Structure formats: structure tokens, C-alpha cells
Amino acid sequence: MSGRARFAFGMLAFGYAFLYLPIALVIVYSFNESRLVTVWSGFSLKWWHALFANEAMLEAAWLSLRIALVSATGAALLGLAAGYALARAPRFPGRTLFGSLVVAPMVMPEVVMGISMLLLFVGSERLFGGPDRGFLTIAVAHTTFSIAFVAIVVQARLADFDRALEEAAMDLGATPWVTFRTVTLPLIAPAVASGWLLAFTLSLDDLILTQFVAGAQSQTLPMRVYSSVRLGVDPQINVLATLVVTVAACALILSGWLTRRQRG
Amino acid sequence: MSSTVTGDKAIVRIEGLTRRFGPIVAVDRVDLEIARGELFALLGGSGCGKTTLLRMLAGFETPDEGRLFIDGQDMTDVPPYRRPVNMMFQSYALFPHMDVAANVGYGLRRDGVKAAEIADRVAEILALVHLQDHARRKPSQLSGGQRQRVALARALVKRPKLLLLDEPLAALDRKLRESTRFEMVRLQEQLGLTFVMVTHDQEEAMSMATRLAVMNAGRIAQIGTPHEVYEHPASRFVADFIGIANIIGLDGGGWMALRPEKIALSAERPALPRTVAGRIVDVAYEGDRSLYHVETDAHGTMTVSTTNISRSAGAAFARGQSVWLGWSDEAGQRLEA
């Protein structure tokens, strides 16, 4: 190995260590015997057992999972529509403004979104007597800020999409809707799926926005973890982190596999 | 001559068709009739409006003015999916997520044809383009020539009243292009369909088309058989665009187009009604023929070609040599514009 290659690999190893060593440590310490998260005293699965017996934590996890599923699906549908409109609609006055408005939630401070959402829900509660703050309001809030991410991914995919494919379908007798269903959608499905996965992950670990719109009764997983950490860290947190990393890694691999299969 | 076709023989009738893109008039008041069973070529440089005209036939562009009839029916405002017309795209536009059979059968499925009949018709058309063994391949697993034939089969399988071809041979390499040319003419005659082809390649248009329209700046400059357009160009533009032409100013005003192969090149003054002396300034040896650029006092630089019938020497004349050019009175075509 030449000096240059060795240097390059060294840099690479350093970079990856910086990114992933903390995560690796979390995973390793989830199998620790000791109560102290920083001292290794032997292999044990007792914290895994403890977590799976922790009702409050499991309940929070279940709530987060349901919210993530609903909001990711909502965001995927709305984001698909927005991305399609951005990429395909003919030029109209205010098109640039419309495009910026769709992606604004990506850069808007979450605190601002949180306050505005909270005011909206409080107002609607006063006017219509609902909805109760909890599952529904959190899911709606998460959907709102995830739309932008799906829209961006879909729009980018459609931008390098050969328009002749859609024209060919119509030329062969497909109505615009059939064209979308049989040609456009199958070809951009991987983009929609990665948008969905992105929205799912964003929802799963959101804390700031959630705290504004969650009622007194609902506690999502990040809220639960945050409050338990303030009371002192317990190795159950490591177990939980390990689980989350595993789910996220699976999602990433799935999204990569989808994209590759598409190209082949 | 054959610039119009009579009544019910016309499969396409276009009246005053116009399409503007902002300030640009892409197609400008075009009138055109195409007869059943023709292989008609729209020929012109880039931006001449030939592709826009083809896309209006397919229904992808809506004309701003004028009417468009296909087989006697007004199709001006009919969307592409309701026209008895199919198109072969320049990029082929094969659906990458479907195999060859699904691509070819797509249009039949849209028409609600039964699965068994689709299978039969797909197999039949694939055999016609020699792809019967590739039905289960994805487009990405095919060569350029095979993809071109899949695109052709997909456009042909519905037996359209009109098949539109957008630069059908442009993506193929030269050798393949020549054999495919004959293949497409064979298919067109065998199936008895009407083809309308857009091309920028005059050689392609000349060798394939029964008639062609030369387009310039959104208008049709001339319509005729390849022979008519080559030997009797109507304008300086057409004479210059199709093949090589020496445009010579006439004494009484006006212009004449003189093709390089109609001019005799010799060392001595030839016994022909028109002669002019000159000096060779450039020679291009092309194998089957040689092209000479000859500087003359009377007409500036003229292009002359000779057929290389002997293998012995290369070009018969050398650069710098003084020569005579001669032609008969009927060799040139008087130009209207």
C-alpha cells in the first residue's frame, strides 16, 4: 500500500470512528452487567429484560410507532402530490412562491412551527371542541413538516425522468391517470418509499414540535427518554438506542435495495 | 405534380396549422395532405418545425390555429390517447420496468384486448422484427438496434392508421442505419401502413420516402418525390439543403441550381454549350467519388464531382491544376426564389 493510500484509509477510519464509535459503544454497553453506563463489568441481558418489562417505555414506543406510520403515510401521499405538481405543472404565476412554500418547513425553526400548530389546535378546540391533543394532533403536525422532504425527493426523481415515457404511454392509449398509475408511479416508487422512510425516521425522533402539540396524556418515546434521562441515565436507554439504530439501519438498507432494484 | 392527393385517398389533411411558443412561430400556417400507404418524410434542419408538426399529429401539441384531419375525422382537439395514431420516439421511450413483451403489449392492454389475443399479437409482431427470442428481456438488456426494433414493434402492434417516427434511425450507428432503413421500408410495404417520419438526414429521407416535405422556419419550402425535390428544387433554400448545389446567377436575373455530378471536368475545353475555365483549389477523395472545389472567374468557387471508375490513381486532378468545366443547357434547374 502506498503512503498516499495509507493516509487516505487512515482519514477514512478516523472519520468513521468519529461518527460511529459512540453508537458502537451504546450498543456494546446495552449488554453490560453494571448499572453504571460507563463501567464494563460483564455480559448480561438483564437491561434488555428490564426494558421489555418497562410498561411506560413500551407504551411510549408503541405510540411513537403508530404516529410515525400514520404521519409518514400521510406525508408520502401529500408529498407525492406536491412533488408531482412542482415537477409537472405548467408554468403559472406564483409557481416559484408555491415551490418555496412547500419546502419552507424544512428550514423553518421547529419552535415556530410548534407554536403555530399549538395555536391552531387550541383555536379549533375552542371553536369545534376538538380534536383532543394527543395522537391525532401529533400525527398531523409530523405530517406537515415531513411533506417537504417527500416532495423534494419526488420532485428530484421526476426532474430526471424522461417525459417521453409518459407521452409514449398516452400515445398507446393510456389516459393521464392510467399513465400515472402504470408508468410514472412504478418508476418513482423508490423515491416515494425513501421519502416515506425519511418521514418515518423524522417522526420517530421528533421532540420539539411534539412537545408543543402533545396533550398531557400522550408521551412519545423521545419525550419519555428525555424525561427519564433527566432523572439519571439507566442502561435501558442503551438497549432502546440499540433498537432504534437497528430499525433505522434496516430502513436504510431497504431504501437502498429498492433504489438498486429499480436501476437494474 | 404530386403535391396534393385527392379526397378520400388522403389519410392526413392539415389546413393552416400554426403553433407558437411565445414569440416564436414553430409551425406557420402549414397545409399538407398525405395519402394512404405513403412513407412521408418531414425533412429540415433543427428548429424548422418538423418535430412540432409531428407532435401535433400525435396530439402532444395543440395547434393555435388550423385544423387537422386524420382519415376524414377532425382530430385537432382530440387527446393523444384517443387518436388512431402511434409514435416511435427518438429516445425509443421503452418502459424500463417492463420486459419486451409487456412493452409491446402495453397499448393492447389499454384497449382491453384479451390476454390470449395480446400474447398472440405480441408474438406475431416480435417475429416480424426478429425479436421472438427476446420477449422476456428488459430494455436495459438489449442492444441499441434491438431497442429500436422493440420501439417499432410497440408502435406497430395496434395497427395504427398512421405511424409517426421521430428521427427513427438517429441513435443507430452508420452500418446498422443502412440495413434498418431497408428493413423499415419492407415493414411499411408489408403492413400497408402510412408512415410519417421526421428526419434531419436528407440521405435518409431521400432513400426511404415516397414523398417528402422540406421545411424551413416553420413553413414547407417544397413537397415532392425525392427525385422531384433533388432535380427540380423550387428555391435556393431547397437546392442548397438537399445535396450539394452550385447556385449560379443568370444573365437575365434569377438563379440556377447546378448539381456537381451534372458538370463535366476536363483539362481541355469540352464541346458543351456552357463552359468555364478555372483552377482546382481543393480536392476531397471520398472513395466512390472525388469532390473538387474549382475557383472560376465567372461563378466563384464551384463544386464538381467525378465518379472514381478506375482503381489506378486517386483523384484524377490535382490541386492547383487549371481545368475546364462544362455542362449542357438542361443540366441546371431554374429557381423561382
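Look above for the structure.
Bear in mind the structure is a predicted one, so any value in this text is a computation, not a measurement.

Draft legend 1. Representation of the packing of aromatic side chains. Residue and element names in this part refer to chain B. Taken as a whole and judged by the stated rule, the model has eleven aromatic pairs over all chains. Between phenylalanine 95 and tyrosine 106, the aromatic rings sit 4.8 Å apart at their centres with planes inclined by 55°, giving tilted as the arrangement. Note that phenylalanine 95 is positioned in the loop between strand S6 (85-88) and helix H2 (100-110) and tyrosine 106 in helix H2, a separation of eleven residues in sequence. With a centroid separation of 5.7 Å and 15° between ring planes, the pair formed by phenylalanine 237 and phenylalanine 241 is classed as stacked. One end of the pair is phenylalanine 237 and the other is phenylalanine 241, both in helix H8 (residues 236-241) and four residues apart, which spans about a single turn. Since its relative accessible area comes to 29%, phenylalanine 237 is described here as partly exposed. Relative accessible area serves as the criterion here: at 22%, phenylalanine 241 is assigned to the partly exposed category.

Draft legend 2. Structural detail: unusual backbone geometry. All names here are of chain B. With a phi angle near 55°, aspartate 71 is a residue other than glycine that sits in the positive phi range. By secondary structure assignment, the location of aspartate 71 is in the loop between strand S4 (65-70) and strand S5 (73-74). Although it is not a glycine, tyrosine 92 adopts a positive phi angle of roughly 70°. Following the sequence through the fold, tyrosine 92 ends up in the loop between S6 and H2. Overall, tyrosine 92 belongs to the buried group, its relative accessible area being 7%.

Draft legend 3. Expanded view of the nonpolar core. Core analysis: the largest hydrophobic core is formed by 59 residues, its most contacted members being B:Ile14, B:Leu42, B:Leu53, B:Phe95, B:Tyr106, B:Leu164 and B:Val196. With nine residues, helix H8 (residues 176-204) of chain A is the single largest residue contributor to this core. If near-sequence neighbours (up to four positions away) are discounted, B:Phe95 is found in contact with A:Leu165, A:Ala168, A:Ala169, A:Leu172, A:Val183, B:Asn103, B:Tyr106, B:Pro139 and B:Arg154.

Draft legend 4. Summary view of the packing of helix H4 (residues 144-156) of chain B against helix H5 (residues 174-191) of chain B. Residues and elements named next belong to chain B. Axis separation between H4 and H5 bottoms out at 12 Å; the angle between their running directions is 15°. Relative to H5, the element H4 is oriented roughly parallel. For the pair H4 and H5, the sense of crossing is right-handed. Counted together, Gly145, Gln148, Leu152 and Leu156 of H4 and Leu176, Thr180, Met184, Leu187 and Leu191 of H5 form the full contact between these two elements. Taken together, the residues of the contact of H4 with H5 break down into six nonpolar, three polar and no charged.

Draft legend 5. Main features of the interface of chain A and chain B. Facing 20 residues of chain A, the contacting portion of chain B comprises 22 residues. The tally of links from chain A across to chain B stands at one salt bridge. Where A:Glu167 meets B:Arg55, a salt bridge forms, and the shortest distance between an N and an O atom there is 2.6 Å. On the surface where chain A and chain B come into contact, there are eight residue pairs in polar contact (both at pLDDT 80 or more). Secondary-structure elements contributing two or more residues to the side of chain A that touches chain B are helix H7 (163-171) and H8 of chain A. Grouping the constituent residues of the side of chain A that touches chain B by class yields twelve nonpolar, five polar and three charged.

Draft legend 6. Molecular detail of the pairing of strand S10 (residues 219-224) of chain B. All names here are of chain B. Where strand S9 (residues 211-216) and S10 come together, five bridges link them in antiparallel fashion. Bridge pairing links leucine 212 to glycine 224 in S10. Connecting S9 to the antiparallel partner S10 that follows it, the hairpin turn spans two residues, and alanine 217 within it adopts a positive phi of roughly 50°.

Draft legend 7. Just the sheet that holds strand S1 (residues 10-21) of chain B, in detail. Residues and elements named next belong to chain B. The strand order across the open sheet formed by four strands is S2-S1-S4-S5, and the pairing between neighbours is antiparallel. Edge positions in the open sheet fall to strand S2 (24-35) and S5, since each of these has one partner strand only. The strands that helix H1 (residues 50-58) touches are S1, S2 and S4; relative to S1, the one it contacts most, it runs at about 120°.

Draft legend 8. Representation of helix H3 (residues 115-128) of chain B in the model. Residues and elements named next belong to chain B. For H3, which comprises 14 residues, the first-to-last C-alpha distance of 20 Å matches the rise-based estimate of 20 Å (1.5 Å per residue) to within 8%. On its buried side, H3 packs onto H2, H4 and H5. Phi turns positive one or two residues past the end of H3, at histidine 130, with a value near 60°.

Draft legend 9. Structural view of the pattern of salt bridges. Residues and elements named next belong to chain B. With the rule as written, the count across this model stands at 29 salt bridges over all chains. For the salt bridge of aspartate 77 with arginine 67, the shortest nitrogen-to-oxygen distance reads 3.6 Å. Of this pair, aspartate 77 sits in the loop between S5 and S6 while arginine 67 sits in strand S4, and the two are ten residues apart along the sequence. Overall, aspartate 77 belongs to the exposed group, its relative accessible area being 59%.

Conventions we followed
Residues numbered from 1 in each chain as written. Chains lettered and ligands numbered in written order. Predicted model: local features only at pLDDT ≥ 70, side-chain atom pairs only at ≥ 80, totals over all residues. Heavy atoms only, no water. Phe/Tyr/Trp six-rings, centres within 6.5 Å; stacked < 30°, edge-to-face > 60°. Helix = DSSP H or I, 4+ residues; strand = E, 2+ residues; numbered from the N terminus. Buried < 20%, exposed > 50% of the residue type's maximum accessible area, 1.4 Å probe, protein only. Core = buried A, V, L, I, M, F, W, Y, C linked by side-chain atoms within 4.5 Å. Contact = heavy atoms within 4.5 Å. Axes fitted to C-alpha atoms, helices over the stretch in contact; angles between N-to-C directions. Parallel < 35°, antiparallel > 145°, perpendicular 65-115°, else oblique. Left-handed = near helix turned anticlockwise from the far one by under 90°. Nonpolar A, V, L, I, M, F, W, Y, C, P; charged D, E, K, R; others polar. Salt bridge = Lys/Arg side-chain N within 4 Å of Asp/Glu carboxyl O. Polar contact = N/O pair within 3.5 Å; in protein donor to acceptor, adjacent residues only side chain to side chain. Pairing = 2+ DSSP bridges. Expected span 1.5 Å × (residues − 1).

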